[in-house]
Amino acid sequence: MATYVKFQQFVEDVAHGVHDLETDQLVVFLTNTAPTVATDAVIADITEISYTNLSSRNITTTSSAHTTGTYKLTLTDLVLTASGSVGPFRYVGVYNDTPATPLDPLIQYYDYGSAVTMANGETFTVDFDGTNGFLTIA
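What this report covers is the structure whose coordinates are included nearby. Here the structure is a predicted model, which means the values were calculated and not measured.

Scoring rules and cut-offs
- Residues numbered from 1 in each chain as written.
- Predicted model: local features only at pLDDT ≥ 70, side-chain atom pairs only at ≥ 80, totals over all residues.
- Heavy atoms only, no water.
- Helix = DSSP H or I, 4+ residues; strand = E, 2+ residues; numbered from the N terminus.
- Contact = heavy atoms within 4.5 Å.
- Pairing = 2+ DSSP bridges.
- Axes fitted to C-alpha atoms, helices over the stretch in contact; angles between N-to-C directions.
- Buried < 20%, exposed > 50% of the residue type's maximum accessible area, 1.4 Å probe, protein only.
- Phe/Tyr/Trp six-rings, centres within 6.5 Å; stacked < 30°, edge-to-face > 60°.
- Lys NZ or Arg CZ within 6 Å of the ring centre and 35° of its normal.

### Topic: the side chain of threonine 74
Here comes step 1: In this fold, threonine 74 is placed in strand 4 (residues 70-75).
Here comes step 2: Residues in contact with threonine 74, not counting those within four places in the same chain, are Thr61, Thr62, Ser63, Asp129, Gly130, Gly133 and Phe134.

### A few points about the environment of valine 5
Here comes step 1: Following the sequence through the fold, valine 5 ends up in strand 1 (residues 3-6).
Here comes step 2: Spatially, the C-alpha atom of valine 5 lies 7.6 Å from that of aspartate 111, the residues being 106 residues apart in sequence.
Here comes step 3: In contact with valine 5, other than residues within four places in its own chain, are Val37, Gln108 and Tyr109.

### Remarks on the sheet that holds strand 1
Here comes step 1: Within the open sheet, the four strands sit side by side as 1-7-6-2. Their pairing is antiparallel. Edge positions in the open sheet fall to strand 1 and strand 2 (26-31), since each of these has one partner strand only. Adjacent strand axes in the sheet meet at a mean angle of 25°, parallel and antiparallel pairs treated alike.
Here comes step 2: Pairing of strand 2 with strand 6 (residues 86-96) involves six bridges; the strand directions are antiparallel. Note that in strand 6 the partner of leucine 26 across the bridge is asparagine 96.

### Observations regarding the pairing of strand 2
Here comes step 1: Taken across its six residues, strand 2 has six buried, putting it largely inside the fold.
Here comes step 2: Neither face of strand 2 is left uncovered, since the one carrying Leu26, Val28 and Leu30 and the one carrying Val27, Phe29 and Thr31 both have all their residues buried.

### Digging into the environment of serine 63
Here comes step 1: Topologically, serine 63 is positioned in strand 3 (residues 61-67).
Here comes step 2: With twelve residues separating them along the chain, serine 63 and leucine 75 place their C-alpha atoms 7.0 Å apart.

### Topic: the packing of aromatic side chains
Here comes step 1: For the structure shown, the criterion picks out nine aromatic pairs.
Here comes step 2: Each ring, one from tyrosine 4 and one from tyrosine 110, has its centre 5.9 Å from the other, and the planes form 70°; the classification is edge-to-face. Within this pair, whereas tyrosine 4 is found in strand 1, its partner tyrosine 110 is found in strand 7 (residues 106-118), the two being separated by 106 residues in sequence.
Here comes step 3: Note on tyrosine 4: relative accessible area 35%, which makes it partly exposed.
Here comes step 4: For the pair phenylalanine 128 and phenylalanine 134, a centre-to-centre distance of 5.5 Å together with 90° between the ring planes defines the contact as edge-to-face.
Here comes step 5: On the accessibility criterion, phenylalanine 128 (1% relative accessible area) is buried.
Here comes step 6: Feature note: the residues Tyr4, Phe89, Tyr110, Tyr112, Phe124, Phe128 and Phe134 constitute an aromatic cluster, connected by ring pairs.
Here comes step 7: In this structure, arginine 57 packs its charged tip against the face of tyrosine 51, placed 3.6 Å from the ring centre.

Remember that the coordinates give geometry; whether it matters functionally is a separate question.
Shown next as structure tokens:
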């Protein structure tokens, strides 16, 4: 199971109104270089792999709402499909593609524990927890 890791800047960005998690376009990023949660803040801080042979990385929001004061963001699982060699990548993260300031702020990443390489026609599913949500804020 992949380990969820939140970027520290995300907390401040939420408090400062950078994210509208209901309507902003969230996007998956892939890297084989460990992100630094204390200092990485925007996608430009990440060494991404080439996406030349990969399907769309745009994420669909299923729901964005609170129940009795606890907010939950639920995302639709994303199936990435290779049309050639992709990778290697070990870290799969999410950033917000909508804000201009800061441009493309980071939210979180998953550490899969070892590198993944996809061959032509292979798929990789980013499994966002549909029950507990991608993230909650209490």
